[in-house]
Amino acid sequence: MNLPKETRSYCPKCKSHQTMKVSIYKAGKRRGSAAGERRHALRKKGYGGQKFPKLAKPAKTTKKVTLIETCTTCKKKMMNKGIRIRKFELIAA
Ligand SMILES: [Zn+2]
């Protein structure tokens, strides 16, 4: 699926339609020192440490793509619901 890098859609901050820059969301780098990460490491430690069975045969064959729309006038970012898609590309319009 191809989508243009720029679209016009509603901005709740400007309360009108504005030109939006479209980009793909990427998860940030995980920090080993974060509280949840430390807790997870502690629970996995030792005999019988695996908390849940490792996924051997995943049911899904695709990954979700989340798009971020950035308003060019007020720089507000809006995320959309993730869509499952095999191949995704942003093209210059
Ligand atoms: Zn705006």
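Owing to the predicted nature of the structure, the values given are computational and were not obtained by experimental measurement.

*Asks:* Talk me through the UniProt feature "binding site: Zn(2+)" (unreviewed entry) in the protein; I want residue IDs and the actual numbers.
*Replies:* Here the UniProt feature "binding site: Zn(2+)" (unreviewed entry) sits at C11, C14, C71 and C74. These annotated residues cover 64 residues of sequence, and their C-alpha atoms all fall within 8.9 Å of one another, placing them together at a single site. In this fold, C14 is placed in the loop between β2 (6–11) and β3 (16–24). In this structure, C74 sits in the loop between β5 (67–71) and β6 (77–79). Residue classification places C74 among the partly exposed positions, given a relative accessible area of 22%. C74 has contacts with C11, K13 and C14, leaving out every residue within four places of it along the chain.

*Asks:* Please set out the coordination of the zinc ion residue by residue, giving values where relevant.
*Replies:* Protein-derived coordination of the zinc ion comes from C11 (SG), C14 (SG), C71 (SG) and C74 (SG), at a distance range of 2.2 to 2.3 Å. Taken together, the four donor atoms surrounding the zinc ion define angles of 102 to 118° at the centre, an arrangement classified as tetrahedral. Sequence positions of the residues that donate to the zinc ion give the spacing C-x2-C-x56-C-x2-C. Classification of C14 as partly exposed rests on a relative accessible area of 28%.

*Asks:* Just give me the short version of the pattern of salt bridges, but keep the residues and values in it.
*Replies:* Scanning all chains against the criterion turns up one salt bridge. Two residues, R30 and E37, come together in a salt bridge whose shortest N-O distance is 3.2 Å. For R30, a relative accessible area of 68% corresponds to the exposed category.

*Asks:* Describe in detail the UniProt feature "zinc finger region: C4-type" (unreviewed entry) in the protein, supporting the description with residues and values.
*Replies:* Using the residue numbers shown here, the UniProt feature "zinc finger region: C4-type" (unreviewed entry) corresponds to residues 11–74. Structurally, residues 11–74 is divided into 16% helix and 28% strand, and its ends, taken at the C-alpha atoms, are 9 Å apart.

*Asks:* So what's going on with the side chain of Q18? Which residues, and what values?
*Replies:* By secondary structure assignment, the location of Q18 is in strand β3. On the basis of relative accessible area, Q18 is assigned to the buried category, the value being 16%. Within the local environment of Q18, its side chain forms a polar contact with the side chain of S16, the two groups lying 2.9 Å apart. In this structure Q18 touches T7, R8, S9, C11, C71 and T73, once residues within four positions along its chain are discounted.

Analysis parameters
In this convention, every chain numbers its residues from 1, walking through the sequence in written order. With pLDDT at 70 or above as the cut-off, local features in this predicted model cover only qualifying residues; side-chain atom pairs require 80 or more to be listed or tallied, and sums for whole chains, interfaces and linings still use all residues. To obtain the side-chain values, all non-hydrogen atoms of the structure were used and water was disregarded. UniProt positions are given in the numbering used here, feature names are shortened, and annotations may be inferred rather than shown by experiment. Secondary structure elements follow DSSP: runs of H or I no shorter than four residues count as helices, runs of E no shorter than two count as strands, and numbering proceeds from the N terminus. Each residue's exposure class comes from its accessible area (1.4 Å probe, protein chains only) as a fraction of the maximum for that residue type: buried when under 20%, exposed when over 50%, partly exposed otherwise. In this description, contact between two residues means that some pair of their heavy atoms is separated by no more than 4.5 Å. Any nitrogen, oxygen or sulfur atom within 2.8 Å of a metal ion counts as a donor, with the limit raised to 3.2 Å for Na, K and Ca, and since water is left out, coordination shells can look unfinished. All geometry calls rest on donor angles, where a four-donor set with angles between 85 and 135 degrees is tetrahedral, four- and six-donor sets with opposite donors more than 155 degrees apart and all others between 65 and 115 are square planar and octahedral, and all else is irregular. The term salt bridge refers to a pairing of a side-chain nitrogen on Lys or Arg with a carboxyl oxygen on Asp or Glu at a separation within 4 Å. In the analysis that follows, any N or O atom pair within 3.5 Å is treated as a polar contact, provided that within protein one partner can donate a hydrogen and the other can accept it, and provided that, for residues neighboring in sequence, both atoms belong to side chains.

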